[in-house]
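Breakdown of the fold
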Amino acid sequence: MNTKYNPLFKTIKFRSGVQLKNRIVMAPMTNWSSNEDGTVSDAEVNYYVRRSNGVGMVVTACTYVTPNGKGFKGEFAADRDEMIPSLQRLATAIKEQGAKAILQIFHGGRSCPPDLVPNGDIVSASAVPEEKEGSVTPRALTAAEVEAIVVDFGEATRRAIEAGYDGVEIHGANGYLVQQFFSPHSNRRDDKWGGSLEKRLTFPLAVVDEVKRVVAEQAKESFLVGYRFSPEEAEEEGITMADTLKLVDVLADKELDYIHVSLLEFGSTPRRGVEDDGRSRLEWIQEIAGNRVPIIGVGSIHTPDEAMKALETGVPLIALGREIIMEPDWVSLVADGRESEIKTTLTKEDQERLVVPIPLWNAIMHAPGWFPVVESSIK
C-alpha cells in the first residue's frame, strides 16, 4: 500500500453497519445507455464492472421510481417489480468487483422530456417551468399524487433491497423533483407541501422517512441510506446557502449514513445567504453537520494530492466522476504507488479500451470542455 496516500485507503463504517474498504466513491453519472424497456444493457454492466474494482463504493446513475419520473433517454428503471432482475444484474456485477453497490433513486419532475413520460404529462411541485429556453410548464401535483410519489420512493427502495444492493441514495440534487419541492423558485404551493422553508422541507423529509421505514421493515442485512443535494441554485428566487444549511441541519438529525454534496468545484464558495468569510460551501456544510453524519465531497478532484487535500478539510469521503471514466484504475494505481501512470486525457480512439458505452462516449466527444480530449496522433 502506498503509505503517502494511506488516509485514502482507511476503512470507514457507516451507521447502518455497511463498511467501505477505502474513502473513494464512484460518483453517480448518467450514461444514457440502458435498454429502451428500462433494463440495464450489456454495455452498461461492462462499464460498471471496469470501474468497480478499486473504489470503496459505486453510486449508480439515477434510476426512476415512477413512470412519469424518467429524466433521460437510456435511463434504467426501478418503477416496477419486473425490473428487479435487471437491477440485480447490475448490483451483482458491481459487488463481484469488491465495491459496495448503491442505487441512486430519483424522479425528474419538471426536468423530464415530455416524450419520455406517459402522455407527456410533466409534473412538479408547482406549475413553474425551468428558466431555460424551450422549457415545458409542468402540471402541479395534487396532494394525493405527492403522497403516492413518496410511496414510490419506498417501493424502489424495497426493489433495491430485493435486488441485493448495499444501499440507496436519494437524489435530492441537480434540480430534480426532490429539489423542486425544496426550492422557493419551483415550489409556490400553499398546502402542507410548500410555502415556508419548513413546509418546503416536507417532501424531502417524507421521502427520507419512507425510505428509512422500508429499510427497517425489509432489509435483513446492513443497508445504508444516503441523500444527495445541490447547495444553491442560480435563479434569483432559488435556494440560497442559508436554505441549504437548514436542510443539512435537519438531514443530519435523520440518522442517514451520509449526505453527498453535488458540486463542480470542491472548494467553491457560497453565492448568497451567508457571510462571505472565505469559507467554501463544503466547509460550511461540514461545520453544521460533519459531527453528526459523514459528508461525501466532490468536484474537480483530479490527482491523489488533491484528494488528500480534500480529506484534510475534514470531509471523510471523496467522490470521483470524470477521473474514473478517464482512468478506471485510478484507485489501484494510487494504491500501488503508480500514480504517475494515471491517464489525464482522452483521445477519440479510447472508447473501446475504457469500456465506455457509445452514448456516453458521444456525449463526452461533444462536450470536450468537461473532459480533456486531445486529437489522436493516429491520422
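Here goes a summary of the coordinates provided. A quick note: this is a predicted structure, and the numbers were derived from the prediction, not measured.

Considerations on the packing of aromatic side chains
- Applying the stated rule across the entire model yields seven aromatic pairs.
- Ring geometry for Phe-14 versus Tyr-258: centroids 5.9 Å apart, planes at 45°, classification tilted. On the criterion of sequence distance, the pair formed by Phe-14 in the loop between strand 1 (12–13) and strand 2 (19–20) and Tyr-258 in strand 10 (residues 258–261) is long-range, its members being 244 residues apart. Note on accessibility: Phe-14 and Tyr-258 belong to one class, buried.
- Between the aromatic rings of Phe-72 and Tyr-176, the centroid separation amounts to 6.0 Å while the plane-to-plane angle is 85°, which identifies the pairing as edge-to-face. Here Phe-72, found in the loop between strand 4 (57–64) and helix 2 (84–96), pairs with Tyr-176, found in the loop between strand 8 (167–172) and helix 4 (177–182); they are 104 residues apart in sequence, far enough to count as distant. We note that Phe-72, like Tyr-176, is buried.

Things to note about helix 1 (residues 42–51)
- Among the residues of helix 1, Glu-44, Val-45, Tyr-47, Tyr-48 and Arg-51 are the ones counted as buried. Viewed along the axis of helix 1, the buried residues span an arc of 160°, placing them on a single side of the element.
- On its buried face, helix 1 is in contact with strand 3 (24–26), strand 4, helix 2, helix 10 (322–326), helix 12 (351–354) and helix 13 (358–365).

A look at the packing of helix 3 (residues 143–163) against helix 6 (residues 202–218)
- One way to put it is that helix 3 packs onto helix 6 with a least axis distance of 9 Å and a crossing angle of 35°. Seen from above, helix 3 lies across helix 6 with right-handed handedness. Seen from helix 3, the contacting residues are Val-146, Ile-149, Val-150, Val-151, Phe-153, Gly-154, Thr-157, Arg-158 and Ile-161; seen from helix 6, they are Phe-203, Ala-206, Val-207, Glu-210, Val-211, Val-214, Val-215 and Gln-218.
- Grouping the amino acids of the contact of helix 3 with helix 6 by side-chain chemistry returns 12 nonpolar, three polar and two charged.

What counts and how
- Residues numbered from 1 in each chain as written.
- Predicted model: local features only at pLDDT ≥ 70, side-chain atom pairs only at ≥ 80, totals over all residues.
- Heavy atoms only, no water.
- Phe/Tyr/Trp six-rings, centres within 6.5 Å; stacked < 30°, edge-to-face > 60°.
- Helix = DSSP H or I, 4+ residues; strand = E, 2+ residues; numbered from the N terminus.
- Buried < 20%, exposed > 50% of the residue type's maximum accessible area, 1.4 Å probe, protein only.
- Arc of directions from axis to C-beta.
- Contact = heavy atoms within 4.5 Å.
- Axes fitted to C-alpha atoms, helices over the stretch in contact; angles between N-to-C directions.
- Left-handed = near helix turned anticlockwise from the far one by under 90°.
- Nonpolar A, V, L, I, M, F, W, Y, C, P; charged D, E, K, R; others polar.

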